[in-house]
Amino acid sequence: MFITRWFNSLSRLLLGVGIMDFFEKINNSKQAFERAIAQAQKHKYLEALNIAEEILDIWYSQENANEKKLRNWFADDLIKKIKQQLAEWEPKANNEYKAAKERAYWLTSEGRFEEAIALFEPVHQRYYEPAARKFINELYQVITGKSSFNLGLLAEQAGDFATAISHYQNAVIASPCWDVECRIRLAIIAIKTQDWQQARVHIKDINTKQATYIRGFISAQQGDWHSCKLEWQKILPHEVQLEKSSARELIKAKRHIQQLVDAHNLQQAKIESQNFLLKYGDDEIVRNNLEKNIQPRLELDLWCRQPWQHIDIAEQQWLERLDIKALHNWALVAYHYIQANPHLYDELYDELIVAWSTAIANLHLNPLLQNITWMGATPVDLTEVFEQLLHKLEDLINSVEDKSQKYKQSYELYRLETEALRLMGIPAKLGVRVKGLFLTPGCYHRYRHQIKFPPLPGKLWATLYTDWYSAVLACLNGDNFKAKEVKPKTAPVSEAEKFAQRFVSYHEGCYYLEIEPGGYPRWRSAVTPLRLAKPEIQASPEWHARVEELCQLHYKAVAWDKNERREFAQFWYEILESSTAKYYIDDDK
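Let me begin by describing the structure that accompanies this report.

Reading the values: rules and limits
Residues numbered from 1 in each chain as written. Predicted model: local features only at pLDDT ≥ 70, side-chain atom pairs only at ≥ 80, totals over all residues. Heavy atoms only, no water. Helix = DSSP H or I, 4+ residues; strand = E, 2+ residues; numbered from the N terminus. Expected span 1.5 Å × (residues − 1). Contact = heavy atoms within 4.5 Å. Polar contact = N/O pair within 3.5 Å; in protein donor to acceptor, adjacent residues only side chain to side chain. Core = buried A, V, L, I, M, F, W, Y, C linked by side-chain atoms within 4.5 Å. Buried < 20%, exposed > 50% of the residue type's maximum accessible area, 1.4 Å probe, protein only. Salt bridge = Lys/Arg side-chain N within 4 Å of Asp/Glu carboxyl O.

## Let's talk about helix α28 (residues 562-576)
End to end, α28 covers 21 Å across 15 residues, agreeing with the expected 21 Å (1.5 Å per residue, within 8%). Taken together, the buried residues of α28 touch α25 (495-513), α26 (523-539), α27 (541-558) and α29 (579-588). Capping the start of α28, D561 holds a side-chain oxygen 3.1 Å from the backbone nitrogen of N563, two or three residues further along. The positive-phi residue at the C-terminal boundary of α28 is E577, with phi of around 55 degrees.

Now the structure itself:
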């Protein structure tokens, strides 16, 4: 090993290129070229093209005369093969890009905006086109508008019209394509507050069937039956010729339903709504009121009247629907059930922790969950509610007197969820998403065989969704010794697991480099973990600086032994390419 390094250093000094480095570069290029060929065999020509171009960039950048000669002697055949393949892959890559773009445009026409971005953006990043970048940006704007529109619907259903109006206006600002739908919703809000003039203004120049119906409805509410008849005849020209009496009957029936809702007679309002739809046919306002207002409030009332014996039903509904309403009910039932049955914590605390934490992660999507009874009429501050909900859960867990092994496991789950929620953000921006909802690591682990989850990326937050979460948590809490003890013994497979291994290895390496006063140098134990973590260390200035600091301190501890300090400096330079380590190496020579 020493002779090899000496020969490499000598050739670098004399020729300006390390011979061993040069042949390692050839070997790395061959391996990368094989990966490119493998991608091409899977018809992923853009990826193959990208890899091949990166190989050529490495060879043709910053070459000196001697390295150029060596390239011509030893790597010429390889580079020619790469160029030949590039010529073959280029048109195929164009076809792959064109097909992905056409598919993305079709998905957009179907309203499947998230799918279009997921398909097209990775391809676009490898084959840049300004017009396509504009298309992707517009998709993001549409999705932002969609999110605001959905928040407006939730706020409108909760009766918070001021918030709903703000969200609808934001949706149009984000993307003009939401203009018609938002103006119709604004008109409906104006109708609910009996501001007939404003309702007309919102839909003044909209000629859709829904807008025409609303104009007729407004006329009927104001007693202008002639205008009502004229509007409704536009959308039902051959089916129904409304007479003054029938229009009055329809308005009277709707008004009666609303009176039942206002009196909180929800069950009767449900029956009257169903009868209305059977008698008069489909009516969007009545149907939406039934599905999005009356029925959800009935279900919530049902949970509130139950003795909290239906936690299994609530969980099953959550798994079947995976929507914000079912999540809210499940979290609410789990919380009250535990309060009513504290002796059952061994069985149910894990479920409570998962349900409650997942509900917190989606707090910004659920206006109902913001109506916290112990906060009274205080305006909602999302961060404050986040903290209060977490403390309430922690207090409930700590109220258990029997600190059994199961309790300790549940508390570990609570710590996992708490750390994950903080990494996800307030409101959540990171994390696994299913059907638009953020699912916490605890939820992921609990239902990993029942719910189809997307792949996990190589990010810190994603490591908590893997089997490495205990080791990652220990690192985050500064317990590096525990981390190395509890880390999985199996090799990582997914990108998230690989990042987790490097994250834990970095902390394990730092653990061995740290020397207590009077302690013995343990740097040899840090070699393997820091080599594993090397890509992340070099990519993270913070990690790089920490390892550099520890290495400088460690070098002083081994400086008395010439052989050991030389070996340590070589290892130090291998991991960090540190100028200080290089100085020590050269100085020892």
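Read on, since the account is not over.
## Observations regarding the nonpolar core
Membership of the largest hydrophobic core comes to 95 residues, with the highest contact counts inside it found for W318, L513, I537, V547 and F568. Leave out the neighbours within four places in its chain, and V547 touches Y506, C510, L513, L530, I537 and L576. I218, I257, L266 and F276 belong to the second-largest nonpolar core, a separate cluster that totals 29 residues.

## With respect to the pattern of salt bridges
Taken as a whole and assessed by the stated rule, the structure comprises 18 salt bridges. The partner of R422 in a salt bridge is E387, with the nearest N and O atoms 3.0 Å apart. In this pair, R422 sits in helix α20 (residues 405-424) while E387 sits in helix α19 (residues 382-398), placing the two residues 35 residues apart along the sequence. Overlapping salt bridges, with partners in common, bring together E156, R185 and K192 in one network.

## Some words on unusual backbone geometry
Here the bond from I426 into P427 is cis, since omega is -5 degrees, no more than 30 degrees from zero. Examined against the element boundaries, P427 turns out to sit in the loop between α20 and β1 (432-434). A positive phi angle, near 60 degrees, is found at Q194, a position not held by glycine. Relative to the assigned elements, Q194 resides in the loop between α8 (179-192) and α9 (196-202). Classification of Q194 as exposed rests on a relative accessible area of 57%.

By themselves, these are just geometric observations and shouldn't be taken as functional.
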